[in-house]
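Structural overview
One-letter residues, chain by chain:
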Amino acid sequence: MALRNIVTEEDPILHKKSREIEEITPRIVKLIDDMAETMYYDNRGIGIAAVQVGVLRRAFVVDIGDEHGRLNFINPEITSREGEQRCSEGCLSVPGKSGEVMRPQKIHIRALDINGNPFEMDAEGLLADCICHEYDHLDGILFTDRAIPGTIEVVNAEQ
Ligand code: NI
């Protein structure tokens, strides 16, 4: 595994739509492992999408520190959304800022795992928030695009 550079907000790639992964090659597996390592490095993040390391492919990794551990999503599809929650979010690609976003309270998602096996799961609360945030990255949307007006704040100059 290796650390990859994180693309930040000025880069127009973050507003592009990512493409489906047709085949889970060793190169894709390495990409996803590298994304996870980059996310865990220095405890910086709870989710990362491929576009954030400059690769326009529909994959993301999430680990909110709960019993699920690391979850890998390839070609995900959110198939239902229920309820609403107001979430405070940040993003590795938007260092030093936070903002509040309305997200569904509960979702159902289908995807392939890193071995190419289909799986589906329900998620709620923080996990649903994190998955929706990463899912948005696949369509070129940042939390700052969705933030409730007036809620973007500078939180930490060094991140
Ligand atoms: Ni993000």
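Residues numbered from 1 in each chain as written. Predicted model: local features only at pLDDT ≥ 70, side-chain atom pairs only at ≥ 80, totals over all residues. Heavy atoms only, no water.

1. Here we look at the sheet that holds strand β5 (residues 97–103)
Strand order in this open sheet of three strands is β4-β5-β8, and the pairing throughout is antiparallel. Two strands close off the open sheet at either side, each with one partner strand: β4 (85–89) and β8 (153–154). Sheet topology note: the β5/β8 ladder contains two bridges and is antiparallel. Bridging across to β8, K97 finds its partner in V154. Contacting β4 and β5, helix α2 (residues 125–138) runs over the sheet at an angle of about 65° to β4. (Pairing = 2+ DSSP bridges. Helix = DSSP H or I, 4+ residues; strand = E, 2+ residues; numbered from the N terminus. Contact = heavy atoms within 4.5 Å. Axes fitted to C-alpha atoms, helices over the stretch in contact; angles between N-to-C directions.)

2. Points about the environment of E124
With respect to the helices, strands and loops of the structure, E124 is situated in strand β7 (residues 118–124). Residue classification places E124 among the partly exposed positions, given a relative accessible area of 48%. The spatial distance from the C-alpha of E124 to the C-alpha of I107 is 6.4 Å, given a sequence separation of 17 residues. Excluding its chain neighbours within four sequence positions, the residues that come into contact with E124 are Q105 and K106. (Buried < 20%, exposed > 50% of the residue type's maximum accessible area, 1.4 Å probe, protein only.)

3. With respect to the side chain of H133
One can find H133 in helix α2. Assessed through its relative accessible area of 7%, H133 is described here as buried. Contacts of H133, omitting those with residues within four sequence positions, involve E89, G90, C91, R103 and F143.

4. Description of the coordination of the nickel ion
Protein-derived ligands of the nickel ion are C91 (SG), H133 (NE2) and H137 (NE2), with the metal-ligand distances lying across 2.1 to 2.2 Å. In primary-sequence terms, the residues that donate to the nickel ion follow C-x41-H-x3-H. One end of the pair, C91, is in the loop between β4 and β5; the other, H133, is in helix α2, and 42 residues separate them in sequence. When sorted by exposure, C91 lands in the same class as H133, which is buried. (Donors = N, O, S within 2.8 Å, 3.2 Å for Na, K, Ca; no water.)

5. A few points about the side chain of N72
Secondary-structure assignment places N72 in strand β3 (residues 71–82). Since its relative accessible area comes to 12%, N72 is described here as buried. For N72, the side chain forms a polar contact with the side chain of R70, separated by 2.8 Å. The residues contacting N72, other than those within four sequence positions of it, are I32, F60, V61, L112, D113, I114 and F119. (Polar contact = N/O pair within 3.5 Å; in protein donor to acceptor, adjacent residues only side chain to side chain.)

6. Some details on α2
Compared with an ideal rise of 1.5 Å per residue, which puts 14 residues at 20 Å, α2 spans 21 Å between its outermost C-alpha atoms and is within 8% of the ideal. Among the 14 residues that make up α2, 13 are buried, leaving the element largely enclosed by the rest of the structure. (Expected span 1.5 Å × (residues − 1).)

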